[in-house]
Each structure stands twice: as structure tokens, then as C-alpha cells.
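Structural description and commentary
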Amino acid sequence: MARPKSDNVQINISIPSEWKKELENLARIYSVEEDKIQNLRNNTTKKKL
């Protein structure tokens, strides 16, 4: 599911490499969880049909 467009602004910052690794891991977890939620929604919709 696409996210609605927002007024977010992209900036470039320097952070420690360990923070970058942690942020990437969190992003992967979030992505997997979003896929699980989307799959549950799709399966629920198919069962109703």
C-alpha cells in the first residue's frame, strides 16, 4: 500500500556507522511487518468473497 504524499523534507546528515546499521535493520523489520499486514488484509478480503 502506497503511503500518502506528505510535506516531508529530505536532508543529508552524518551519523555514526553503527546508527546507520541500526536504522537499516529497523527499516527492514518495518518493511517485513508491512508485508505481513498487507498479506493478512489480502487473505481476509479473499475469504469474504
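Above this text you will find the structure in question.
Criteria and cut-off values
Residues numbered from 1 in each chain as written. Predicted model: local features only at pLDDT ≥ 70, side-chain atom pairs only at ≥ 80, totals over all residues. Heavy atoms only, no water. Salt bridge = Lys/Arg side-chain N within 4 Å of Asp/Glu carboxyl O. Helix = DSSP H or I, 4+ residues; strand = E, 2+ residues; numbered from the N terminus. Buried < 20%, exposed > 50% of the residue type's maximum accessible area, 1.4 Å probe, protein only. Patch = residues over 30% accessible without salt bridge, like charges linked within 9 Å, V, L, I, M, F, W, Y side chains within 5 Å. Areas by Shrake-Rupley, 256 points an atom, 1.4 Å probe, with all protein chains shown as cover.

**Regarding the pattern of salt bridges**
- Inspection of the entire model under this criterion finds two salt bridges.
- Where Glu24 meets Lys20, a salt bridge forms, and the shortest distance between an N and an O atom there is 2.6 Å. In this pair, Glu24 and Lys20 are both assigned in helix 1 (residues 17-48), four residues apart and thus about one turn of the helix distant.
- Classification of Glu24 as partly exposed rests on a relative accessible area of 34%.
- Of the residues examined, Lys20 reaches a relative accessible area of 45% and is grouped as partly exposed.
- Of the charged contacts in the structure, one is a salt bridge between Lys36 and Glu33, with a shortest N-O distance of 3.4 Å. On the criterion of helical spacing, the pair formed by Lys36 and Glu33 is a turn pair, its members being three residues apart in helix 1.

**A few points about a nonpolar patch on the surface**
- Taken together, Val9, Ile11, Ile13, Ile15, Trp19, Leu23, Leu26 and Ile29 make up a surface patch of nonpolar side chains, about 890 Å² in accessible area.
- Tracing the backbone through its elements, the reader meets Ile11 in the segment before helix 1.

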